[in-house]
Every structure is written in structure tokens, then in C-alpha cells.
Number of protein chains: 2
Amino acid sequence: MLRDRHRTRRRSSDETREETNGEHLLVDDANKYKKFRTRTLSTVWMIGGFIFILYLGHLFIWGMIVVIQILMAKELFALAARAQREKQLPGFRLLNWHFFFTAMVYVYGRFLSKQLVNSISSDRILTQLFSGYIKYHMLICYSMYIIGFVWFILTLRKRSYHYQFGQFAWTHMILFVVFTQSAFTVANIFEGIIWFLLPASLIVINDIAAYICGFFFGRTPLIKLSPKKTWEGFIGASIVTVVSASLLANLMGRSLWLTCPRKDLSIGPLYCDPGPLFKPKTYELPSWFPFREVNILPVQSHALVYGLFASVIAPFGGFFASGFKRAFRIKDFGDSIPGHGGITDRMDCQMVMAVFSYIYYQSFIAPLNVTVDEMMDQILRTLSVEQQMELYRELGKVLL
Amino acid sequence: MLRDRHRTRRRSSDETREETNGEHLLVDDANKYKKFRTRTLSTVWMIGGFIFILYLGHLFIWGMIVVIQILMAKELFALAARAQREKQLPGFRLLNWHFFFTAMVYVYGRFLSKQLVNSISSDRILTQLFSGYIKYHMLICYSMYIIGFVWFILTLRKRSYHYQFGQFAWTHMILFVVFTQSAFTVANIFEGIIWFLLPASLIVINDIAAYICGFFFGRTPLIKLSPKKTWEGFIGASIVTVVSASLLANLMGRSLWLTCPRKDLSIGPLYCDPGPLFKPKTYELPSWFPFREVNILPVQSHALVYGLFASVIAPFGGFFASGFKRAFRIKDFGDSIPGHGGITDRMDCQMVMAVFSYIYYQSFIAPLNVTVDEMMDQILRTLSVEQQMELYRELGKVLL
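Residues numbered from 1 in each chain as written. Chains lettered and ligands numbered in written order. Predicted model: local features only at pLDDT ≥ 70, side-chain atom pairs only at ≥ 80, totals over all residues. Heavy atoms only, no water.

## Details of the overall build of chain A
Put simply, the rule is: Labels follow the DSSP assignment, with helices taken as runs of H or I lasting at least four residues and strands as runs of E lasting at least two, numbered in each case from the N terminus. Burial classes follow relative accessibility: with a 1.4 Å probe on protein chains only, a residue under 20% of its type's maximum area counts as buried, one over 50% as exposed, and anything between as partly exposed. For this analysis, residues touch if any pair of their heavy atoms sits within 4.5 Å. The accessible surface values rely on the Shrake-Rupley method and a 1.4 Å probe; as for residues, cover is taken only from the protein chains in view.
Across its full length, chain A carries 15 helices and four strands. Counting all 400 residues of chain A, 44% fall into the buried class. Taking contacts inside chain A between residues at least 6 apart in sequence as the whole, the part at least 24 apart equals 70%. Accessible surface, chain A as shown: approximately 22,600 Å² in total, 65% of it carbon and sulfur.

## Some details on the interface of chain B and chain A
Under the convention used in this document: Accessible-area loss on putting two parts together, using a 1.4 Å probe and summing over both, is the definition of buried area adopted here. Salt bridges, as used here, are contacts in which a Lys or Arg side-chain nitrogen is within 4 Å of a carboxyl oxygen on Asp or Glu.
In this assembly, 69 residues from chain B lie in contact with 69 residues from chain A. Here chain B and chain A share an interface that buries about 6,700 Å² over both sides, 79% of which is from carbon and sulfur atoms. On the chain B side of the interface with chain A, the three residues burying the most area are Y142, R159 and Y392 of chain B, jointly 10% of the side's total. Across the contact surface, chain B and chain A share zero salt bridges.

## Some details on a nonpolar patch on the surface
Under the convention used in this document: Without a salt bridge and with relative accessible area above 30%, a residue can belong to a patch; like charges are then joined within 9 Å and nonpolar side chains (Val, Leu, Ile, Met, Phe, Trp, Tyr) within 5 Å.
A surface patch of nonpolar side chains, about 820 Å² in accessible area, is lined by V204, I208, Y211, I212, F215, F216 and F217 of chain A. By secondary structure assignment, the location of F217 of chain A is in helix α8 (residues 194–217).

## Re the packing of helix α11 (residues 299–312) of chain B against helix α13 (residues 343–365) of chain B
Residues and elements named next belong to chain B. Short version of the rule: Fitted lines through C-alpha atoms serve as axes, helices being fitted only where they are in contact, and the angles separating the N-to-C directions of these axes extend from 0 to 180 degrees. Each angle receives one of four descriptions, namely roughly parallel if under 35 degrees, roughly antiparallel if over 145, roughly perpendicular if within 65 to 115, and oblique otherwise. Should the near helix be turned anticlockwise from the far one by less than a right angle, the crossing is left-handed, and should it be turned clockwise, the crossing is right-handed. Residues are grouped as follows: nonpolar covers Ala, Val, Leu, Ile, Met, Phe, Trp, Tyr, Cys and Pro; charged covers Asp, Glu, Lys and Arg; every other residue, Gly included, is treated as polar.
With their axes 11 Å apart at the nearest point, α11 and α13 run at an angle of 155 degrees to one another. Classified by the angle between their axes, α11 and α13 sit roughly antiparallel to one another. Crossing angle aside, the handedness with which α11 passes α13 is right-handed. Here H302, V305, Y306, F309 and A310 of α11 come into contact with α13, specifically with V352, M353, F356, S357, Y360, Y361, F364 and I365. Grouping the constituent residues of the contact of α11 with α13 by class yields eleven nonpolar, two polar and no charged.

## Observations concerning the relation of the copies chain B and chain A
The relation between the two chain copies is a rotation about an axis coupled with a shift along that axis. Counted only if it meets this: Fitting of the copies onto one another was done by least squares over C-alpha atoms, counting residues only where both copies have pLDDT of at least 70.
Note on the copies: chain B fits chain A at an RMSD of 0.1 Å, the axial shift is 0.0 Å, and the rotation between them is 180 degrees. Interpreted geometrically, this transformation is the action of a two-fold axis. In terms of proximity to the rotation axis, the leading residue of chain B is Y392 of chain B, whose C-alpha is 3.3 Å off the axis. The residues that chain B uses at the interface reappear at the interface of chain A in 100% of cases, marking a shared surface.

## Considerations on the UniProt feature "transmembrane region" (unreviewed entry) in chain A
Residues and elements named next belong to chain A. The criterion, for reference: UniProt positions are given in the numbering used here, feature names are shortened, and annotations may be inferred rather than shown by experiment.
The UniProt record marks residues 40–56, 94–113, 133–156, 168–187, 193–218, 230–249 and 303–321 with the feature "transmembrane region" (unreviewed entry), using the residue numbering of this structure. What you have in residues 40–56 is 100% helix and 0% strand, and the ends, taken at the C-alpha atoms, are 24 Å apart. In the segment residues 193–218, helix accounts for 92% and strand for 0%; the C-alpha atoms at its two ends are 35 Å apart.

## Concerning unusual backbone geometry
Of note, R329 of chain A is a non-glycine position whose phi angle comes to about 50 degrees, a positive value. Checked against the element boundaries, R329 of chain A lands in the loop between α12 (315–327) and α13 (343–365).

## So, the domain arrangement of chain A
Let me state the cut-off plainly: Here the bounds of each domain stem from an automatic or database domain assignment.
Domains assigned within chain A are domain 1 (70–190), domain 2 (200–344) and domain 3 (370–400). Distance between the C-alpha centres of domain 1 of chain A and domain 3 of chain A: 37 Å.

## Section: the state of the cysteines
The bond known as a disulfide is covalent and runs between the sulfur atoms of two cysteines. Residue and element names in this part refer to chain A. As a reminder, the rule being used: Cysteine sulfur pairs qualify as disulfides if the two atoms are within 2.5 Å.
What the rule picks out here adds up to two disulfides over all chains. Put simply, C260 and C272 are joined by a disulfide, and their sulfur atoms are 1.9 Å apart. Looking down the S-S bond of the C260 and C272 bridge, the torsion is -90 degrees, so its handedness is left-handed. Taken as a pair, C260 in the loop between α10 (256–259) and β3 (281–284) and C272 in the loop between α10 and β3 lie far apart in primary sequence, twelve residues in all.

## Considering the packing of helix α6 (residues 124–154) of chain B against helix α7 (residues 161–190) of chain B
Between two packed helices, both the angle of their axes relative to each other and the distance between the axes serve to describe the pair. Residue and element names in this part refer to chain B. Contact pair α6 / α7: the axes reach a minimum separation of 12 Å and the direction vectors enclose 160 degrees. Of the possible angle classes, the one that applies to α6 and α7 is roughly antiparallel. The way α6 lies across α7 gives a crossing that is right-handed. Residues Y145, F149 and F152 of α6 touch α7, and the partners they reach there are Q164, F165, F168 and H172. Residue composition of the contact of α6 with α7, grouped by class: five nonpolar, two polar and no charged.

## Structural notes on the pattern of salt bridges
Side-chain pairs of opposite charge can arise whenever the charged atoms involved come near each other. All names here are of chain A. Tallied over the entire structure, the rule returns five salt bridges over all chains. In this structure, the salt-bridge partner of D345 is K325, at a minimum N-O distance of 2.5 Å. Of the two residues, D345 sits in helix α13 while K325 sits in helix α12, which places them 20 residues apart along the sequence. A single burial state applies to D345 and to K325, both of which are buried.

In C-alpha cells:
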């Protein structure tokens, strides 16, 4: 009985809230259009800025990812913080950023050092410095973490234990989510911009296609979490996304700027042998076709898998985010982008996709690219000269 | 005013609780001794069992770690679960174990496969099977994780969002803590039992020494979180632990069973060249000393660092655990060990130590052991025959 009454009360309060929202929109119609204009305008700015950054190159895309990370962390830290509580805990927010910085060093430190070693191989002292850093990377990060850990314990205040432990757990969750995806994204970028751009575009395409298909054909509700999503939108968007994936891969696969890997931190033009994935194969078509022949890149078959994942699994990232927002009764994660809500709201599916892209790339595409150069590099880095001699003799034996 | 009153009320309720506890102990004195006997008995059983498992070898120690992990996860899962809630969510607990199993495959799958490849190198088909697994390890784990992720979203129930998201976050935190440390522990074990046994013993020694030193000399309280701990106990234990570390390393360093690495899953006796860290150097002592000379192993200097960490930093793991217990108003994490509380209560400092040991080992000790064999192995595994030929020629050029 009691629980039933509780339920009814809650439901009615939800209804009231929706009603007031509805009224608000009706009364303030000018405001609605203003909001739409703001949203469109910031979308145009975002896409324009994004294309400009793509043109500038790998290093700048990385910079963009870092900025997004900082904004996301800021939004999410603020979500769980209680201003009242924090007043009694001076410097407690700083601890969050200490852990953020530690995660930053952990995720990017080794990668950055490797790229730097490749960039400045002429300077012996700096090369040795960064090689040395790579060796002790884990130890340095662990020490930084331990400093934060001890700091946390020493600043525990008697009546705030529950709040502080909650914040500690929340910070770790945020950093885990924010950094897992962006570490993978940055790794993708330097393997060739296409491995970052293709999946990221597919998410955007799937989002828009789902909206349009749902708008015109939507009838059957898909999932309770997002009442506006329909099966028709979901399936229509899947078809559009998979087709776009193949076409986009064909287009992007022809640009050296997008397909060549970047092994250092240089920013100039990029030349490389595009590799077998990007060599077009010509197929002749039956005579009744408008075109005589078609050029297919092998990378297009991988693109189909990306398209399928972007349209079938990645939307669950969005469902997760909207479930989370309902659970904690918030509308948006923040207000970083005018008209869009927080930057976290735009990143939900991108995160799921970025991890997938990285793992797919590492499992199926990277093994095609293991080079003799990399192995030589490793040998010269880790073995002493005597060991190198021994290896040379042993390898000779095996090969003969 | 209001806050002050609230404070007073809380303090008085704490006092009441302590009083009733005190009364309880005074009245039920027989019970107190019974508890002490239980605790001593289970300590003896634990230590005996532990030594027996050490004697059995690497594979069995690993098994022990896995059992501890399962017990810890069980305790911690139960801590946050609400029976009332779970009744309305059939199968929700199973999801926790799905994530547990995924973490298990992620952490041990690759390691186990490598060891198996080394164990059964005579069987070509199985070797290829496990090598294939290693290649797709990440993809398999990611797929398992995505299944859990989608499963979670599809089982979200309208009035339980908040509870379910809380559980989801909690599960991730638990798995992260439990698996980080045990993955590192298992890696340590196969590098040589000493790298697991020495740090683990130092934690136990430090615990006991802090208790004894505190009992006899304790006056100055150390930290508010654990009112029974004193500066005298802390400093005394540090001295005892650092000295024990050096002595124990000298003792353990002479046993091949403890120092040799194990590269496969065999369980028989172990022979190896002990390596420079374990070769005793003889130093003569001044004539007025009772001994004429002393044998020092180089590993003892590393042991000093372990001792210092075990006595200065690792105790913060314990402070963290007691802070956590206060924050959530629980006495113990569980009741797996009669008289001791939960197994998690015994593992708090061990976890901090295990991660440190692994990182210290990898940073300072492993580089001494990179072998030509391992490099050969990698070359034969990843390069094609033509690439091996090219590498051979390039290496020849560099060496000449």
C-alpha cells in the first residue's frame, strides 16, 4: 500500500513538471525559436571549427581532444559537488584536478615521449632524457597517484567522510570514462586521421539519420529510456550509416593526409606508401549500368563493420547517458555548448565508438603494418651491444 | 545553531553506542576470550595453509589469489546491495558476475595463454589456438564487456534507475580495485615467488610490529581515522620492517624455489641461474665483531626500499579502509574469516603494496633480465620470413 501511494505521488509530480514545461514552451514561443537558432548556429561553428582543425593536422586534433576532456571533466566534477560541503573542505576540488593531471600524464606521457624521441632524434641528450622517462613512466605515475591518495586520506574531515569517499569514487569513475576513450582516440589519430574521422563521422551521420527517419516514418517506440526514439528511426539510420560508411571510406581512403600514419610530432605535409588497404581495385560493371567500372578500396569492407557498430551498438552509449540523467534527475550534463547542453551530452556515443575503433584497428588492421623498422628500434633500445651480436648470430642460424 | 545542535546529537549518539559496546564487553567476558581464541586459531590456520600453498608452487598461489578475489568481490558486492530492491530486479546480481568474469578473462586470459603456449609448445594445433587467442584477446574482452553494457541498459527498470546506476558504478569500482592488485600480484609470482612473498610478508610484519610497539611505547595518537594507532607504533614498526626486509631478502634470496622465474604452467622443481641479484658477496668485518665475515646479496638493497614503502605508505591503505568503513557505518567488510571479519579487511594494505611491488620490479629489476631469447621469440612470432631476412641484414649493417 505504502509503496503504491509513493509511486502515485511520484508519477503525478513528474506529470506536473512536464505540464509546466509544455506551458512554458507554448507561452514563450519566441524563446523556442531563439533556442533553435542558437543551436543551429553553434552546430555550424562546431563543424566549421572541426574541419579547420582536421586541416591543421594530428597535433591540433590531439589538442582538441584534450580541450574536450578538460571540459567534460569539469562538467562531471561539478555534477556531484555540493557547494555547501566544499566550503568546509578547502582545497578538496584541487585534489580532483591532481588526479586528472595524473591520468593525463599516465595516458599521454609515454605516447608523447615516444613521439618526441622520433621527432628530435638528432639531439642526443633530449633523446636520452625522453627514453629515460619512458622507462620510469609507470613509476612516476604511480608516485603521483600515491601522493593524491595520501593527500585524500590526510584531508578526511570527521563529518564529511561519506561525502568525501563518494567524491573519491566519482572522480575515479569520471577519469576512467573520460581517459579510456580519449587515450584510444589519440592513438587512432596518429595511426592515420581516417581511423579517428571515419568512426566519429559515422556517429554524427547515424544521429542525424535516426532523427530524420524517425521524423518521417517513426511509429513503434524503441526503448523506454528515450521515448522519442523509434524502431523505424533505428533501422533506417542503420541502413544509411552502413552505406555512408562504405562511401566515406572510399572518399577518405584516397587522401594521403587522412591515411598516412604520423610517427612524430611534426605538422608539415605527409607522404607515404598508402599500403594495400588503400590501393583501389577496379571492377567492371554490367553494361546496363550507368557507369562502366567502379573503384573499390579494400578498406571499405572494414568500414562496413564500423558502420554496423556505429548504428547498432554505439546508440547504447546514448541510452546509457539518458538513463543516467533520469536516475540523477538532471536535464543536461552542463551548458558548455549554447543550445546543445553540455559537451558530455554530445560525446556519449562517441566514447563507445572510439574504444571500438581502437580495438578493431589493433586486432585486424595493425598486424598488417608491423614493420622491420619498429623491431630494429626495439632491439637497439633494449639490448646491449653484446646481446645484439648474440641475437644476430641466433637469427642467422634460424634463417639458414 | 541548527548545525551545532545536529553535531551534538550525533556525538551523543556515538557515545551511547560506544558505551553499550563497552558494557557488552564487560558483561560478556567469556565471549571476549572465545573471540580471541577463534581469532588466534584462524590466524594459525591461515599461516599454515599459506606456507603449504607456497610449497606447492606458483600455480597454486595463483589459485589462492583467485579464491581471495572471488571472496572479496562477493563481500563488496553484498555491501551495497539492497535485498528489497533486488527482488524487483531478477537476474541483476548475475550481471555483476558477468562483469567479474569479463575482468577475469581480461586480466588473466593473455597471461594464461602465453604460459600455455610455453607449456605445450610440442602441440602445434593448441599452440596456434592460444597464439590466436592472444591476438584477439582485447576484441574478445571488449565484446564481453559490451554484452554486459547492453544487458545493463536493457534491464533498467523505471523506478530503479538511481539504484541500478549506483550499483553499476560500484561494481566497476570494486572490479577495478580487486583486479588491479591481483593482476599485479600474479605477474609478480611468476617472476619468482620472492617478488610476491617478500612484500606480502613485510605487510604482515609491519602490522604485528606496529601493534607490539604501540602496545609498549604508544602515547602520541597518529591519525584521527584510527584512534588506536600511535606515532610510536608507526615509527617502531618502520624500523622493525626495514631491518626484517633486509634479513628476509638475504634468507629468501638463497632459495631457488623462491627466486627462479617460472615461464610456463609446470609445477615440478625449479632450477635456474640465480642471476646477479642473488649472488652473495662476502665482506670481512672488523676483528672485534663476533662474526669474521658477512654474506650480502645485492637484492637486499632493493628489499630496503620495499621495507620503507611497506611501513610508510602501505599503512595508508589501512587508513583508507577504516575511513571507508566509518563513512558507510559498517564494522567489517564481511565475515569470511572467523574472528577477523571479512577477507577484504585483511587485504587493505596488501593491495597498495602489490601494485608498488609490481611497478618497482618492472622499473628497476626487470630491465636487468631482458633476454635475447625473448627478443628472438618476438621476432619469430610477429615477422614474416622475408621480414626476418631484412631485419638480419639491417642488424648486420648496424653491428659492422
